[in-house]
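As a plain string of letters, each chain reads:
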Amino acid sequence: MPGGQQRPTQPPPPGAPAPARRRILADLTPLRTSAAYRRLWMGDTVSRLGQAMTALAISLQVYDITHSNFSVGLVGLFALVPLVAFGLYGGAIADTVDRRKLGLYSAWGLCALSIALAVAAVAGFHEVWFLYGIVALQAVCGALNSPARSAMVPRLVPPEQLTAANALSSLTQTSGTTFGPMLGGVVVGLWGYQSAYVIDAVTFTAALYAMWRLPAMTPDGGGRRGRASVVDGLRFLATRPNIRMTFFSDMCAMILASPKALFPAIAVLWYAGDARTTGLLVAAPAVGALVGSVFSGWLGRLHRHGLVILLAVAGWGVATAVFGLTRSLPLGLFFLALAGCADQVSMVLRSTMLQAATPDELRGRLQGVFIIVVAGGPRLGDFLAGSVGDLATPTVAVTGGGILCVAAVAVLGLVWRGFIRYDARAPEA
């Protein structure tokens with residue numbers, strides 16, 4: 001231009017994705033462009049904090065009643081069994097009814113259960129069997145709510161925003177896991193169990209409002225009710241290697257290289273610590289995942305999702321293996337946080353692949369399988385790590401598990417090379 005003047009830069013249109021150089025922090029584009037997704041995300045964020053507070057309060061109340069670690073451990077079992085049993089069926093229901101109504105009714109159920117906990121605590125009704133029953137019913141409602149809610153996301157945002165939306169959902173999950181128990185401990189310590197339960201019930205109003213404001217979400221293509229719907233979902237999965245690989249890769253990390261069950265022993269044997277040290281070890285992966293969620297903007301620029309998933313799972317295995325060789329607590333916490341960050345990358349891209357490569361009428365059923373893998377894998381990993389730790393040493397269990405994870409991922413990549421070639425711009429199941 002004359003005089004060496006530069007042409008004025010035109011601002012991007014409203015709602016346009018941020019320039020690549022600004023995509024360091026989490027991409028907020030889905031929150032800006034979709035009012036429905038924004039309400040769903042905000043409701044889920046608030047309610048997850050309340051659920052995490054209630055989960056801690058129930059564990060503390062069970063221990064206060066029984067003074068038994070075994071009884072507290074049974075809380076997880078009472079939650080896991082219904083979640084696995086109803087996971088597939090909840091997904092099948094989500095593929096045959098209005099997902100908005102299913103999400104709304106199941107959220108009402110969770111809210112009612114929190115109210116029941118609060119009323120019982122205020123009335124002085126302290127029975128372990130009652131708490132176990134509430135936990136099991138919460139798992140049933142969660143198994144209905146989660147597939148419906150996850151299957152809604154591709155209907156609320158365009159395909160190019162799915163990765164960003166899943167990264168924001170990961171931020172919600174890790175925030176709840178990290179801060180919910182902390183807030184729950186403070187609330188229970190100051191005002192008792194009933195206060196945590198009341199706060200949980202109140203926070204559910206955000207989720208209820210978000211679901212109520214959504215449009216109808218009837219799955220495309222209809223679907224058949226009952227057992228046939230579940231079988232149809234499994235048949236679809238059997239013919240889709242890329243989707244299966246998202247489950248297999250996660251199982252490599254969660255079953256072979258999950259050292260959580262060994263943290264109490266590691267805290268004492270490696271670091272001469274106590275329960276506070278164990279708490280730091282448990283929190284480190286969640287903190288790493290939270291950091292990964294906050295700085296997740298770069299994920300939206302990736303297209304080779306399959307390759308990055310395998311690299312992220314291998315990164316989890318390497319970080320876990322190195323953690324098993326450390327005897328410095330700060331260094332150990334660093335590698336656990338690094339593993340959590342790698343897992344966050346894997347989870348975001350696995351969720352995106354599952355949603356993008358699955359037809360809408362089958363998304364609920366595949367989300368049900370996803371719940372079973374996510375819930376069941378770490379439990380099997382705890383069993384394996386604990387068994388190897390007793391038969392050999394915690395070092396062998398942790399470092400050996402990390403090495404096996406890397407080896408298993410390498411084998412998967414060699415056997416299913418189509419997964420490495422997967423391109424998000426042309427998703428194939």
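The rules behind these values
Residues numbered from 1 in each chain as written. Predicted model: local features only at pLDDT ≥ 70, side-chain atom pairs only at ≥ 80, totals over all residues. Heavy atoms only, no water. Helix = DSSP H or I, 4+ residues; strand = E, 2+ residues; numbered from the N terminus. Rg over C-alpha atoms; globule rule 2.2 N^0.38 Å. Buried < 20%, exposed > 50% of the residue type's maximum accessible area, 1.4 Å probe, protein only. Contact = heavy atoms within 4.5 Å. Lys, Arg positive; Asp, Glu negative; His and termini not counted. Charge placed at Lys NZ, Arg CZ, Asp CG, Glu CD. 1 Å grid on protein atoms, 1.4 Å probe; cavity = no way out; pocket = protein on both sides within 12 Å on 5 of 7 lines; lining within 4 Å. Points joined across faces, edges and corners; volume = space filled by probe spheres on them. Nonpolar A, V, L, I, M, F, W, Y, C, P; charged D, E, K, R; others polar. Axes fitted to C-alpha atoms, helices over the stretch in contact; angles between N-to-C directions. Parallel < 35°, antiparallel > 145°, perpendicular 65-115°, else oblique. Left-handed = near helix turned anticlockwise from the far one by under 90°. pLDDT = per-residue confidence, 0-100. Phe/Tyr/Trp six-rings, centres within 6.5 Å; stacked < 30°, edge-to-face > 60°. Lys NZ or Arg CZ within 6 Å of the ring centre and 35° of its normal. Expected span 1.5 Å × (residues − 1). Salt bridge = Lys/Arg side-chain N within 4 Å of Asp/Glu carboxyl O. Core = buried A, V, L, I, M, F, W, Y, C linked by side-chain atoms within 4.5 Å.

Novice: Can you help me understand the overall build of the protein in this one?
Specialist: Each helix and strand in the protein was counted, giving 16 helices and zero strands. For 429 residues, the compact-globule formula gives about 22 Å, and the C-alpha radius of gyration of the protein, at 22 Å, lands near that figure. For the C-alpha atoms alone, the extent of the protein along its principal axes is close to 80 × 55 × 50 Å. When the 429 residues of the protein are sorted by exposure, 51% land in the buried category. Taking the intrachain contacts of the protein between residues at least 6 apart in sequence as the baseline, contacts between residues at least 24 apart amount to 86%. When the 32 basic and 19 acidic side-chain charges of the protein are each reduced to a single mean position, those positions are 8 Å apart.

Novice: Quick question: what am I supposed to make of the layout of surface pockets here?
Specialist: Gaps left between atoms show up when a probe the size of a water molecule is rolled over them. The space that makes up the second largest pocket amounts to roughly 360 Å³. Contributing to the lining of the second largest pocket are 20 residues, with Pro 159, Glu 160, Gln 161, Thr 163 and Gly 300 lying nearest its centre. If you list the elements that add at least two residues to the lining of the second largest pocket, you get α6 (162–191) and α13 (329–356). Sort the elements by how many residues they give to the lining of the second largest pocket and α6 lands first, with three residues. Of the residues in the lining of the second largest pocket, the class split is nine nonpolar, seven polar and four charged.

Novice: Hey, could you run me through the packing of helix α9 (residues 241–256) against helix α14 (residues 363–391) in this one?
Specialist: The relative placement of two packed helices comes down to the angle between their axes together with the axis-to-axis distance. The contact between α9 and α14 brings their axes to 7 Å, and the two run at 20 degrees. Between α9 and α14, the crossing angle belongs to the class labelled roughly parallel. In this structure, α9 crosses over α14, and the sense of that crossing is right-handed. Seen from α9, the contacting residues are Ile 243, Phe 247, Asp 250, Met 251, Met 254, Ile 255 and Leu 256; seen from α14, they are Leu 366, Val 369, Phe 370, Val 373, Val 374, Gly 377, Pro 378, Leu 380, Gly 381 and Leu 384.

Novice: Got a minute to help me understand the confidence of the model for the protein in this structure?
Specialist: Do not read the predicted coordinates in detail wherever pLDDT is low. Mean pLDDT over the protein works out to 85, with 91% of the residues at or above the 70 mark. For the protein, helix α8 (residues 227–238) is the element with the lowest average pLDDT, namely 72, and helix α12 (residues 305–323) is the one with the highest, namely 96. Confidence drops under pLDDT 50 across residues 222–228; counting only partners more than four residues distant or on other chains, this segment forms nine contacts.

Novice: Would you mind going over the packing of aromatic side chains with me for this structure?
Specialist: For any pair of aromatic rings, the description consists of the separation of the ring centres together with the inter-plane angle of the planes. Inspection of every chain in the model, using the stated rule, returns 10 aromatic pairs. Aromatic pair Phe 125 and Trp 129: ring centres 6.0 Å apart, planes at 85 degrees, arrangement edge-to-face. A ring pair is formed by Trp 270 and Phe 323, whose centres lie 5.6 Å apart and whose planes are at 55 degrees; its orientation type is tilted. In this pair, Trp 270 is assigned in the loop between α10 (263–269) and α11 (275–294) and Phe 323 in helix α12, connecting sequence segments 53 residues apart. On the basis of relative accessibility, which here comes to 12%, the residue Trp 270 falls in the buried class. In textbook terms, an aromatic cluster arises when at least three aromatic residues are bridged by ring pairs, as seen for Phe 263, Trp 270, Tyr 271 and Phe 323. The residue whose ring lies beneath Arg 327 is Trp 270, and the NZ or CZ to ring-centre distance is 4.0 Å.

Novice: What exactly am I supposed to notice about helix α2 (residues 35–66) here?
Specialist: Here α2 contains 32 residues, and its C-alpha end-to-end distance of 47 Å stays within 8% of the 46 Å for a straight helix at 1.5 Å per residue. Phi turns positive, to about 55 degrees, at His 67, one or two residues after α2.

Novice: I'm lost on the pattern of salt bridges in this one. Help?
Specialist: A pair can form between side chains of opposite charge whenever their charged atoms are brought close. Under the defined criterion, the tally for this structure stands at eight salt bridges. Among the salt bridges present, the one from Asp 95 reaches Arg 99, with a minimum N-O distance of 2.7 Å. Judged on exposure class, the residue Asp 95 and its partner Arg 99 are both buried. Connected through shared salt-bridge partners, Asp 95, Arg 99, Arg 155, Asp 360, Arg 363 and Arg 365 make up one network.

Novice: Got a minute to help me understand the nonpolar core in this structure?
Specialist: Nonpolar side chains tend toward joint burial in soluble globular proteins. Counting residues in hydrophobic clusters, the biggest one holds 36 residues, and the most contacted among them are Ile 243, Phe 247, Val 313, Trp 316, Leu 366 and Cys 405. Those elements that provide at least two residues to this core are α8, α9, α12, α13, α14 and α15 (394–415). If one sorts the elements of this core by residue count, α12 sits on top with eight residues. In this view, Leu 366 contacts Gly 233, Phe 236, Leu 237, Ile 243, Phe 247, Leu 354 and Thr 358; residues no more than four positions away in its chain are not counted. Counting 27 residues, the second-largest nonpolar core is a separate cluster that includes Leu 113, Leu 131, Cys 141 and Val 188.

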